[in-house]
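# Per-entry structural report
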Amino acid sequence: KYIMLHTFKRKVQEGFTLVEILIVVVIVGILAAIAIPTYFNYVEKAYASDAHTQIKTLYEECKIWKTTHADFPTDLDMMEEEGAANVSSSTKEKWDITWKLEVNTDGEVEGFMKAESLEGMPGGEGETVCFDAVTGKFTGYGSKDEPEC
């Protein structure tokens, strides 16, 4: 019993072998290879959700505009001048939101709304989020589908 305890104590005092350290490094590397892409995907979706929220709000405001005007507004500035839209300055620093909406012969709204990220967006400049008015589906940045607008 004393010999076993003495051997264990001496082994602990000697430290870890190179092989043991390498095994730990490999395990940490594998975990990082799994966790880091998942984290970046989560961050991308969070940035895109800001654009989704703004687009959906503006889409509803455009439909309200259409009920009081002859056609859909052409841009955000037009809506803001008449007090029909209220988009924060921080959103305008991050996203350039444009759209092309019209009413088809059946009276249904068709077209798209698009948000392109600007230099002020932490996720990077040049990302595109699209909203299809017919399907109600978002594509582009933050989704698995390429932008369709």
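For the structure, see preceding data.
Note that the structure is a prediction, hence the values are computed from the model and not measured.

## Focus on the overall build of the protein chain
The secondary structure content of the protein chain amounts to four helices and four strands. The helix and strand sequence of the protein chain, counted from the amino end, reads α-α-α-α-β-β-β-β. The C-alpha radius of gyration computed for the protein chain amounts to 27 Å, which surpasses the reference 15 Å derived for 149 residues by more than 25%, pointing to a less compact arrangement than a globule. Of all 149 residues assigned to the protein chain, the portion counted as buried reaches 23%. Considering only contacts in the protein chain between residues 6 or more positions apart, those separated by 24 or more positions represent 41%. Within the protein chain, one finds 14 positive and 26 negative side-chain charges whose respective centroids are separated by 18 Å.

## Some remarks on the packing of aromatic side chains
Applying the stated criterion across every chain yields a total of three aromatic pairs. With a centroid separation of 5.1 Å and an interplanar angle of 65°, the aromatic rings of Tyr 59 and Phe 131 are classed as edge-to-face. Remark: Phe 131 occurs in strand S3 (residues 128–132) and Tyr 59 occurs in helix H2 (residues 18–68); sequence separation between them is 72 residues. Accessibility classification places Tyr 59 together with Phe 131 in one group, the buried group. Here a set of aromatic residues connected by ring pairs shows up, and it is made of Tyr 59, Phe 131 and Phe 138.

## So, the nonpolar core
Membership of the largest hydrophobic core comes to 25 residues, with the highest contact counts inside it found for Ile 55, Leu 58, Trp 95, Trp 99, Leu 101, Met 113 and Val 129. Elements supplying a minimum of two residues to this core: H2, helix H3 (76–81), strand S1 (95–103), strand S2 (109–117) and S3. When residues in this core are grouped by element, the largest group, seven residues, is from H2. Those residues in contact with Trp 95 that sit more than four places away from it in its chain are Tyr 47, Asp 50, Ala 51, Ala 115, Glu 116, Ser 117, Leu 118, Met 121, Glu 127, Val 129 and Tyr 141.

## Some details on the sheet that holds S1
If you walk across this open sheet you meet the four strands as S1-S2-S3-S4, and the pairing is antiparallel. This sheet does not close on itself; its edge strands, each paired only once, are S1 and strand S4 (137–140). This sheet shows a mean twist of 15° between the axes of neighbouring strands, independent of strand direction. By the bridge criterion, four bridges tie S3 to S4 in an arrangement that is antiparallel. Each residue of the ladder has a partner; that of Asp 132, found in S4, is Lys 137. Contacts between H2 and the sheet are confined to S1, S2, S3 and S4, with S1 contributing the most and set at about 40° to the helix.

Thresholds applied
- Residues numbered from 1 in each chain as written.
- Predicted model: local features only at pLDDT ≥ 70, side-chain atom pairs only at ≥ 80, totals over all residues.
- Heavy atoms only, no water.
- Helix = DSSP H or I, 4+ residues; strand = E, 2+ residues; numbered from the N terminus.
- Rg over C-alpha atoms; globule rule 2.2 N^0.38 Å.
- Buried < 20%, exposed > 50% of the residue type's maximum accessible area, 1.4 Å probe, protein only.
- Contact = heavy atoms within 4.5 Å.
- Lys, Arg positive; Asp, Glu negative; His and termini not counted.
- Charge placed at Lys NZ, Arg CZ, Asp CG, Glu CD.
- Phe/Tyr/Trp six-rings, centres within 6.5 Å; stacked < 30°, edge-to-face > 60°.
- Core = buried A, V, L, I, M, F, W, Y, C linked by side-chain atoms within 4.5 Å.
- Pairing = 2+ DSSP bridges.
- Axes fitted to C-alpha atoms, helices over the stretch in contact; angles between N-to-C directions.

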